[in-house]
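For reference, the chains in residue letters:
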Amino acid sequence: METITPFSLIDYHRITLRDVVLSFIDTITSFSPFHISLGLLFFLPFLDFTGNNVFDVVKHLLLSGVSFALLIYTVTYVSLSEGHFSFPRLGFSLPLALYSISAFASVVIAMASARVESSRAILSLITLPLLISLLYVIPQWFHSKDSIIFSVRIFLYSLLVVDAIGLVEVALHFIFPQLFTIRISSVFHDPNIFARFLVMGIFIVLSLLLFDVRDVLFRRLLWVLLLASIICLFFTLSRSGLGTFFFGSILFSILSKKRMAMFIILSSALVGIVAFLFLLFARPFEGSVVFEPSNINRIQLILAGIDMIRQHWLFGVGYTNFSNIFTQFYLNNSMAISLVNYEMLGYQTSIHNWLIEVWAEQGIIGLSGFVWFFIVIFRKLKVARIYTNDNSMKAILLGYTLMFFAFLFHGFFYHTFFSQFHFWVLAGFGVASIWSAHSSV
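Residues numbered from 1 in each chain as written. Predicted model: local features only at pLDDT ≥ 70, side-chain atom pairs only at ≥ 80, totals over all residues. Heavy atoms only, no water.

**Here we look at the overall build of the protein**
- Within the protein, the secondary structure is distributed over 16 helices and 0 strands.
- The proportion of buried residues among the 441 residues of the protein is 49%.
- Counting contacts in the protein only where the partners sit at least 6 residues apart, residues at least 24 apart contribute 78% of the total.
- Here the protein has roughly 21,500 Å² of accessible surface; of this, 69% comes from carbon and sulfur atoms. (Helix = DSSP H or I, 4+ residues; strand = E, 2+ residues; numbered from the N terminus. Buried < 20%, exposed > 50% of the residue type's maximum accessible area, 1.4 Å probe, protein only. Contact = heavy atoms within 4.5 Å. Areas by Shrake-Rupley, 256 points an atom, 1.4 Å probe, with all protein chains shown as cover.)

**What about the confidence of the model for the protein?**
- This prediction gives the protein a mean pLDDT of 84; 82% of its residues lie at or above 70.
- In the predicted structure, residues 1–13 sits below a pLDDT of 50 and forms 4 contacts with residues beyond four places in sequence or in another chain.
- A low-confidence stretch, residues 286–290 (pLDDT under 50), is modelled with 7 contacts involving residues beyond four sequence positions or located in other chains. (pLDDT = per-residue confidence, 0-100.)

**Section: the pattern of salt bridges**
- One pass over the structure, following the stated rule, counts 4 salt bridges.
- For the salt bridge of Asp 212 with Arg 214, the shortest nitrogen-to-oxygen distance reads 3.2 Å.
- By relative accessible area, which is 56% here, Arg 214 ends up exposed.
- A salt bridge links Asp 307 to Arg 310, with the shortest nitrogen-to-oxygen separation between them at 2.6 Å. Placement of the pair is Asp 307 and Arg 310 together in helix α11 (residues 293–311), with a separation of 3 residues, close to one helical turn.
- Judged by relative accessible area, which is 60%, Arg 310 ranks as exposed.
- Sharing partners across several salt bridges, the network here consists of Asp 212, Arg 214 and Arg 219. (Salt bridge = Lys/Arg side-chain N within 4 Å of Asp/Glu carboxyl O.)

**Describing the side chain of Ser 102**
- Relative to the helices and strands, Ser 102 resides in helix α4 (residues 93–112).
- Taking relative accessible area as the criterion, Ser 102 reaches 4% and is therefore assigned buried.
- Excluding residues that lie within four positions of it along the chain, Ser 102 makes contacts with Gln 362, Ile 365 and Gly 366.

**Thoughts on the packing of α4 against helix α14 (residues 354–387)**
- Interaxial distance between α4 and α14 falls to 7 Å at its minimum, and their mutual angle equals 170°. The orientation of α4 with respect to α14, classified from their angle, is roughly antiparallel. Where α4 approaches α14, its residues Leu 94, Pro 95, Leu 96, Leu 98, Tyr 99, Ser 102, Ala 103 and Ser 106 are matched on the opposing element by Val 358, Glu 361, Gln 362, Ile 365, Gly 366, Ser 368, Gly 369, Phe 370, Trp 372 and Phe 373.
- Residue composition of the contact of α4 with α14, by class: 11 nonpolar, 6 polar and 1 charged. (Axes fitted to C-alpha atoms, helices over the stretch in contact; angles between N-to-C directions. Parallel < 35°, antiparallel > 145°, perpendicular 65-115°, else oblique. Nonpolar A, V, L, I, M, F, W, Y, C, P; charged D, E, K, R; others polar.)

Structural data, given as structure tokens:
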């Protein structure tokens, strides 16, 4: 009698190359792109270290490798499973193509004029397609309401951990005021970036509370998250963060069209006024509030950016090349100060305004692609909110609308976000929520 084993039940004659490749893909990785994307969503705030060039390079290579693996895995798996692969038609192809072409053209022209660091420029151009690919890859694995809700839950868990670390910083300051500064930054390298993350989290929580959504987190936990995030935001002492929260609250009130609209406006205004007064007395300013070093630094960078736009308005000075041009032609020549001495004064060489930076680096063509992309994003979020009848999805879509607003508004006063992995991962989940809302109608 023949012994029956699992292997004897396999019809080896029907095994195809597709089956072999799929089995190989499943074998070499124990995590699917679904889990990897969630891992990026949770852990990216904890990878915000900077100041150490070695760590930053390792982080960049790691995230680039993960993004490339996600892209290859998705293309291969979907192609072999469905017999073909095509990127989802999300409506962003033209503006993103315009932005990418302008980035490439600006670097080529800058290299021909010998005003760009070749290694940095090439690395930036290689990274850009990987960043954009996340906008298409993530929706491939998150296209149902349940998966979107689960991703929002993971984001809020990340916010919870980051908040907890921030509250510990606050407590340590009051216990040991001489050892711990009052400006907290949690896991981020800068309080302003922490503030931006908090504002995004606050608006997602507010949206879930507004629509009384209970399938993401318990309502009590949402209130705890809201309170903890507001406390942490207060102690970041970030003017840009508090300003984003204030104007975002007004937008939230307009979009929500609920009775709590006036309450949100009044409460955010009160928080803004109190926070501003607190900043005047608690934040250590050298000189005066208006003429303190960070304000002077911003003015210097903006004036330099405007000068670059005046001279290179069509194609720009080169993608991600603003700091290099500022150092070479403005610090070394016009201001006659070395980069080392400039940084020792506490100044930076990265401009705090996305409009001027994008225009200066990529010209009017790149800026047009940038603005066009966000116009499409906001329009699609609005349409999705209108046509979905699910309150959970309405809340999530409203939260993502305010998240994109936070990036844009905060980007007027802090570093450009468009070249960062964190933005593209969050944007990928935002686009996935749009796709899911349309498919559920």
